[in-house]
Amino acid sequence: MWLTSSSIGRKLVMALTGICLVLFVTFHCLMNAIAIVYPSAYNVICEFLGANWYALVASLGLAVLFILHICYALWLTVQNRKARGNDRYDVSKKPAGVEWSSQNMLVLGIVVLAFLVVHMIQFWAKMQLQEIRGVEGAIPPSMGTLFIQEAFSQVWTPIVYIIGFIALWFHMNHGFWSMFQSIGWNNNTWLPRMKSIACWWTSIVVALFIAQAVVFTVNAHNDFYKTDANLREQYKNVMGDMVGIPVDRYKYDNFSSALRNQEQQLKAILENPSQMMQMGFTPEMVQSELDNIEPAMKFLNYLEGNNAAAAAAPMVEPEN
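Small disclaimer: the values here were computed from a predicted structure and weren't measured.

Draft legend 1. Layout of unusual backbone geometry. Despite not being glycine, D223 shows a phi value in the positive range, around 55 degrees. For D223, the position within the fold is in the loop between α10 (190–221) and α11 (224–227).

Here it is in structure tokens:
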């Protein structure tokens, strides 16, 4: 097949997959911006992009693009080295007019790939993958702001991300214009224009990424994503859905207190067989209720800390 048997075909595949990946990186940058200006909307997007069929198809397509891009990059590198033979060892300095990033695209790609693996472990594996597996930890998979909290509260995360972003700048800046060169836009008029566009586009996107990483780090160390009032109202609604209680009319603090009181009361009943008999309950019924509120309690303990006060007024005061 021409796309695999010829050098031009392989470069064309690299260019087409590269275009798609540049668009995805740009989309990801815009999505991160939403997490800064409107965090609760970011969680809505995360829920929309969860384990739904369209999101899974998009994730699979993106994975195929990455794999093709990496495989063809390795293929072209091996092909170029074979074509040059022993002559490549005779070069003592960089040829005139050849960019540093052009000579190190494979190394830059490996650094970006390593960064991507870290990013996927911190986010995709704990969000969409957990939904696919049907497993939930203390944080519901759709609450992306809290995974930002977890990731960027670690000292090493912004360091790794900034290194990854710098490598991405070099890799994407060269790859952006060279992919257009591969599809024929390599004349003296268009190539300088594409180089200029590539530099501006890549610089803006990467600068935004770095700024976002800094903001996420500051917010995470201030526990913003756990304590922000608007986000807590959103978290309250999620916990209400977990336990099957409509909570729109109640404040977060009232719901939190009521949920802790309910857990305490159920545990007290379970430990008092005579009281349980008088109330007409069985151990199985009480345990079932405890199991029902357990996911919400895990989430609440994560937000407030395991040592949060357990005794408070029941949920009786609606918001005005």
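Moving on, there is more to tell.
Draft legend 2. Spotlight on the packing of helix α3 (residues 39–48) against helix α12 (residues 229–243). Two elements in contact, α3 and α12, have axes separated by 9 Å at closest approach and are oriented at 35 degrees. Contacts between α3 and α12 involve P39, S40, N43 and V44 on the former and, on the latter, L231, Q234 and Y235. Looking at the contact of α3 with α12 residue by residue, the classes come out as four nonpolar, three polar and no charged.

Draft legend 3. Region of the structure containing the nonpolar core. Core analysis: the largest hydrophobic core is formed by 57 residues, its most contacted members being L146 and F152. Look past the residues within four positions of F152 in its chain and what remains in contact with it is F123, T157, Y161, A213, F216, T217, A220 and H221. V13, M14, Y72 and A73 belong to the second-largest nonpolar core, a separate cluster that totals five residues.

Draft legend 4. Region of the structure containing a nonpolar patch on the surface. A cluster of nonpolar side chains, namely F27, F48, L49, W53, Y54 and V57, defines an oily patch on the protein surface of about 630 Å² accessible area. Within the secondary structure layout, F27 lies in helix α2 (residues 7–37). Among the residues examined, F27 registers a relative accessible area of 43% and is labelled partly exposed.

Draft legend 5. Structural detail: α12. Taking 1.5 Å of rise per residue, 15 residues should cover 21 Å, and α12 covers 21 Å from first to last C-alpha, within 8% of that figure. Along α12, the positions that sit buried rather than exposed are L231, R232, Q234, Y235, K236, V238, M239, G240 and V243. Of the surrounding secondary structure, the elements contacted by the buried residues of α12 are α3, α8 (144–152), α11, α13 (252–270) and α15 (283–304). Put simply, D228 is the residue that caps the front of α12, since its side-chain oxygen is 3.3 Å from the backbone nitrogen of N230. Positive phi shows up at G244, right after α12, with a value of about 75 degrees.

Draft legend 6. Representation of a negative patch on the surface within the structure. There is a patch of like negative charges on the surface, built from E47, E131, E136, D241 and D248. Checked against the element boundaries, E131 lands in helix α7 (residues 128–133). Judged by relative accessible area, which is 32%, E131 ranks as partly exposed.

Draft legend 7. Layout of the confidence of the model for the protein chain. Counting all residues, the mean pLDDT for the protein chain is 82, and 82% of those residues have values of 70 or more. Confidence over residues 88–92 falls short of pLDDT 50; this stretch has two contacts with residues more than four positions distant or in other chains. Contacts for the low-pLDDT stretch residues 307–320, under 50 throughout, to residues beyond four places or in other chains number 30 contacts.

Draft legend 8. Quick look at the pattern of salt bridges. Under the defined criterion, the tally for this structure stands at four salt bridges. A salt bridge links E233 to K236, with the nearest nitrogen and oxygen atoms 2.7 Å apart. On the criterion of helical spacing, the pair formed by E233 and K236 is a turn pair, its members being three residues apart in helix α12.

Draft legend 9. Highlighting the packing of aromatic side chains. Across all of its chains, the model carries 11 aromatic pairs by this definition. Seen in terms of ring centroids, Y235 and F299 are 5.6 Å apart; in terms of plane orientation they differ by 65 degrees. Their pairing is edge-to-face. One end of the pair, Y235, is in helix α12; the other, F299, is in helix α15, with 64 residues separating them in the sequence. Its relative accessible area of 0% is what places Y235 among the buried residues. With a relative accessible area of 0%, F299 lands in the buried category. Linked through ring pairs, F115, F152, Y161, F165, F209 and F216 together constitute an aromatic cluster. Across the ring face of Y302, the terminal group of K226 is positioned such that the distance to the ring centre comes to 4.3 Å.

Basis of the calculations
Residues numbered from 1 in each chain as written. Predicted model: local features only at pLDDT ≥ 70, side-chain atom pairs only at ≥ 80, totals over all residues. Heavy atoms only, no water. Helix = DSSP H or I, 4+ residues; strand = E, 2+ residues; numbered from the N terminus. Axes fitted to C-alpha atoms, helices over the stretch in contact; angles between N-to-C directions. Contact = heavy atoms within 4.5 Å. Nonpolar A, V, L, I, M, F, W, Y, C, P; charged D, E, K, R; others polar. Core = buried A, V, L, I, M, F, W, Y, C linked by side-chain atoms within 4.5 Å. Buried < 20%, exposed > 50% of the residue type's maximum accessible area, 1.4 Å probe, protein only. Patch = residues over 30% accessible without salt bridge, like charges linked within 9 Å, V, L, I, M, F, W, Y side chains within 5 Å. Areas by Shrake-Rupley, 256 points an atom, 1.4 Å probe, with all protein chains shown as cover. Salt bridge = Lys/Arg side-chain N within 4 Å of Asp/Glu carboxyl O. Expected span 1.5 Å × (residues − 1). Polar contact = N/O pair within 3.5 Å; in protein donor to acceptor, adjacent residues only side chain to side chain. Lys, Arg positive; Asp, Glu negative; His and termini not counted. Charge placed at Lys NZ, Arg CZ, Asp CG, Glu CD. pLDDT = per-residue confidence, 0-100. Phe/Tyr/Trp six-rings, centres within 6.5 Å; stacked < 30°, edge-to-face > 60°. Lys NZ or Arg CZ within 6 Å of the ring centre and 35° of its normal.

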